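Close look at the chain arrangement
Each chain is listed here by its residues.
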Amino acid sequence: MTGPGGRAGSREQTMVPPAEFRSYYGRQILKTPAWGDKIAYYFFAGGLSGGCALLAAGADLTGRPALRRGTRLAGLAALGAGAYYLVADLGRPERFHHMLRVAKPTSPMSMGTWLLVGYGPALGLAAASEVVPARWRRTLPGRLVRGLGRPAGLAAAAMAPGVAAYGAVLLAQTAVPAWNSGHAQMPFVFTASAAASAGGLGMIVAPLGEAEPARRLAVAGAVGELTASRVLEQRLGLVGETFRTGPAGVYLRRATALTAAGGLGAALLGRRSRIAAAASGLALLAGGLFQRLALLHAGIQSTQDPKYVVEPQRRRIAEHGPTRSTDPHP
């Protein structure tokens, strides 16, 4: 309705109801990821293994045998656990084998598979050098395994950052709003969390006299994880709600509390008490696991409400126009 001169009347009422964020026929726009919690366990175990490989290499080069041994063996155990959860989620073990048929540089999953193929044997050989029985150490095979321990450990450490960050790259390449929109921040969350978890584990397996590098890594990783997680949540805008609500919100609050407690414990008490160091390490490990669960469930939740798909798209179109050919992450 308009008044004289074409001006809108002061009592004009819209005939169109407020828009609702719905897809056609009341269905959600994106399909919910089929991944379960096992994938979060896989990401956590892989990150922990990568962090342990780096810590073990540093311990080897600085003459800390207990820290080196503990983190090498723990890193291999974490890698084995990650492989189990990956195969369990895939459903059939041969699916991992099938991914080795090709090497596709544009596929994060393909590159991640080949990265693990190189990383696993290197870390396995480094860990094997720690458990050669005394009666075999003078034999040729025993001397060979022990002699290759350092080169293999350094090779594993060179690939470790990729192993720790691989999960973030894999998630960011999906269409899931909470993951795709956070592509710039998630690698920092993953790698910092891996560092905090590995530092926490190092504090558990090493005596106080050798654990100083682990404590420093734990504190730096905890600060980095808390900061990167907060930045991720804020920069997601509306989609950041998924990190504050539902199961993801519960997991993230647990992760924040445990990581902060573990980092403070490592900084203030870690060098004074083995018990405090172990408790801080356990808190950091639990915090890292809850962080991966929070990321997983935030992504799942962001596909279940159409507003997390529609509203960011409208904002991008309003700011940049209908096409963004120069942006690799539309």
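Position labels on residues start from 1 in each chain and follow its written sequence. Reporting of local features is limited, given that this is a predicted model, to residues whose pLDDT is at least 70; pairs of side-chain atoms are given and counted only at 80 or more, and all residues count toward the totals for whole chains, interfaces and linings. The side-chain values count all of the structure's non-hydrogen atoms but skip hydrogen atoms and water molecules.

**A short note on the overall build of the protein**
Helix numbers and strand numbers start at the N terminus; a helix is a DSSP run of H or I with at least 4 residues, a strand a run of E with at least 2. The number of helices and strands found in the protein is 12 helices and zero strands. In the protein, the succession of helices and strands from N to C terminus is α-α-α-α-α-α-α-α-α-α-α-α. For every residue, the accessible area obtained with a 1.4 Å probe (protein chains only) is divided by the maximum for its type, and the residue is called buried under 20%, exposed over 50%, and partly exposed between those limits. Out of the 330 residues in the protein, the part that is buried amounts to 45%. The contact criterion used throughout is that any non-hydrogen atoms of two residues lie within 4.5 Å. Intrachain contacts of the protein at a sequence separation of at least 6 include 75% that bridge at least 24 residues. Each accessible area is a Shrake-Rupley result for a 1.4 Å probe, and residues are judged covered by the shown protein chains and nothing else. Of the accessible surface of the protein, which amounts to about 17,100 Å², a share of 62% is contributed by carbon and sulfur atoms.

**Overview of the environment of alanine 220**
Tracing the backbone through its elements, the reader meets alanine 220 in helix 9 (residues 212–235). You can call alanine 220 partly exposed: its relative accessible area is 48%. In this structure, the C-alpha to C-alpha distance between alanine 220 and serine 193, residues 27 residues apart in sequence, is 9.8 Å.

**Side note on helix 6 (residues 149–172)**
By definition here, a helix of n residues has an expected span of 1.5 Å times n minus one. Under the 1.5 Å per step criterion, the end-to-end length of helix 6 is 35 Å for 24 residues, consistent within 8% with the ideal 34 Å. Most pronounced at alanine 165, the bend in helix 6 amounts to some 45°. Here the bend at a residue is taken as the angle between two axes, fitted respectively to the seven residues that end there and the seven that start there.

**A closer look at the environment of alanine 255**
Assignment of secondary structure puts alanine 255 in helix 10 (residues 246–268). In contact with alanine 255, other than residues within four places in its own chain, are Gly287, Phe290 and Gln291.

**Considering the pattern of salt bridges**
Counted as salt bridges are all cases of a side-chain nitrogen of Lys or Arg within 4 Å of a carboxyl oxygen of Asp or Glu. Tallied over the full model, the rule gives 11 salt bridges. The salt bridge partner of arginine 244 is glutamate 233, with a shortest N-O separation of 3.0 Å. Note that arginine 244 is positioned in the loop between helix 9 and helix 10 and glutamate 233 in helix 9, a separation of 11 residues in sequence. Take arginine 244: its relative accessible area is 43%, and that puts it in the partly exposed class.

**Some words on the packing of helix 1 (residues 37–61) against helix 11 (residues 274–304)**
Comment: axis = line fitted to C-alpha atoms, over the contacting stretch for helices; angle = value between 0 and 180 degrees taken between N-to-C directions. It is the contact of helix 1 with helix 11, at a shortest axis distance of 9 Å, that shows an interaxial angle of 135°. Regarding the angle of helix 1 to helix 11, the classification is oblique. Of the two possible hands of crossing, helix 1 and helix 11 adopt the one that is right-handed. Contacts between helix 1 and helix 11 involve Asp37, Ala40, Tyr41, Phe43, Phe44, Gly47 and Leu48 from the first element and Leu285, Gly288, Leu289, Arg292, Leu293, Leu296 and His297 from the second. To sort the angles, those under 35 degrees are grouped as roughly parallel, those over 145 as roughly antiparallel, those from 65 to 115 as roughly perpendicular, and the leftovers as oblique. Should the near helix be turned counterclockwise from the far one by less than a right angle, the crossing is left-handed, whereas a clockwise turn marks it as right-handed.

**Quick look at the packing of helix 1 against helix 8 (residues 186–205)**
Orientation of helix 1 relative to helix 8, taken along the N-to-C sense of each, is 65°, at an axis distance of 8 Å. Considering the relative orientation of helix 1 and helix 8, their crossing is right-handed. In contact with Phe43, Phe44, Gly47, Leu48, Gly51, Cys52 and Leu55 of helix 1, helix 8 contributes Phe190, Ala194, Ser197, Ala198, Gly199, Leu201 and Gly202. In this classification, the charged set is Asp, Glu, Lys and Arg, the nonpolar set is Ala, Val, Leu, Ile, Met, Phe, Trp, Tyr, Cys and Pro, and all remaining amino acids, among them Gly, are polar. Its residues placed into classes, the contact of helix 1 with helix 8 shows nine nonpolar, five polar and no charged.

**A look at helix 1**
Taking 1.5 Å per residue as the helical rise, helix 1 with its 25 residues ought to reach 36 Å, and the 37 Å between its terminal C-alpha atoms agrees with that figure. Among the 25 residues of helix 1, 19 are classified as buried, and the element is accordingly described as predominantly covered. Following helix 1 by one or two positions, glycine 63 has its phi on the positive side, about 70°.

**Brief notes about the side chain of glutamate 225**
With respect to the helices and strands, the residue glutamate 225 is situated in helix 9. In summary, the charge assignment counts Lys and Arg as positive and Asp and Glu as negative, without counting His or the chain termini. One buried charged residue, glutamate 225, remains without a salt bridge, the closest side chain of opposite sign being arginine 292 at 5.7 Å. Apart from residues no more than four positions distant in its own chain, glutamate 225 is found in contact with Ala192, Ser193, Ala196, Thr259, Gly287, Gly288 and Gln291.

**Observations regarding the environment of alanine 214**
Structurally, alanine 214 can be placed in helix 9. Judged by relative accessible area, which is 0%, alanine 214 ranks as buried. Alanine 214 sits 147 residues away from leucine 67 along the chain, and the two C-alpha atoms are 8.4 Å apart. Those residues in contact with alanine 214 that lie beyond four places of it in its chain are Leu55, Leu67, Gly199, Gly202 and Met203.

**Brief notes about the confidence of the model for the protein**
A score between 0 and 100, pLDDT records how confident the predictor is in each residue. Confidence in the prediction for the protein averages 85 pLDDT; 79% of positions are at 70 or higher. Here residues 1–10 scores under 50 on pLDDT; set against residues more than four positions off or in separate chains, the count is eight contacts. This stretch, residues 325–330, has a pLDDT under 50; its non-local contacts, to residues over four places away or in other chains, come to six contacts.

**What about the packing of aromatic side chains?**
Aromatic pairs are defined between Phe, Tyr and Trp rings, using the six-membered ring for Trp, whenever the two ring centres lie within 6.5 Å; interplanar angles under 30 degrees are classed as stacked, those over 60 as edge-to-face, and all others as tilted. Under the criterion given, the structure shown has six aromatic pairs. Plain terms: the ring middles of tyrosine 84 and tyrosine 85 are 5.2 Å apart, the flat faces sit at 70° to each other, and that makes the pair edge-to-face. The exposure class of tyrosine 84 is exposed, given its relative accessible area of 53%. Note on tyrosine 251 and phenylalanine 290: the rings are 6.0 Å apart at their centroids and 20° apart in plane angle, and the pair reads as stacked. Taken together, the positions of tyrosine 251 in helix 10 and phenylalanine 290 in helix 11 put the pair 39 residues apart, joining distant regions of the chain. Here tyrosine 251 and phenylalanine 290 have matching classes, each one buried. Through a chain of ring-to-ring contacts, the aromatic side chains of Tyr41, Tyr84 and Tyr85 assemble into a single cluster. Sitting over a ring, as applied to charges here, requires NZ of Lys or CZ of Arg to be within 6 Å of the ring centre and within 35 degrees of the ring normal. The cationic tip of arginine 292 hangs over the ring face of phenylalanine 190; the distance from NZ or CZ to the ring centre is 5.1 Å.

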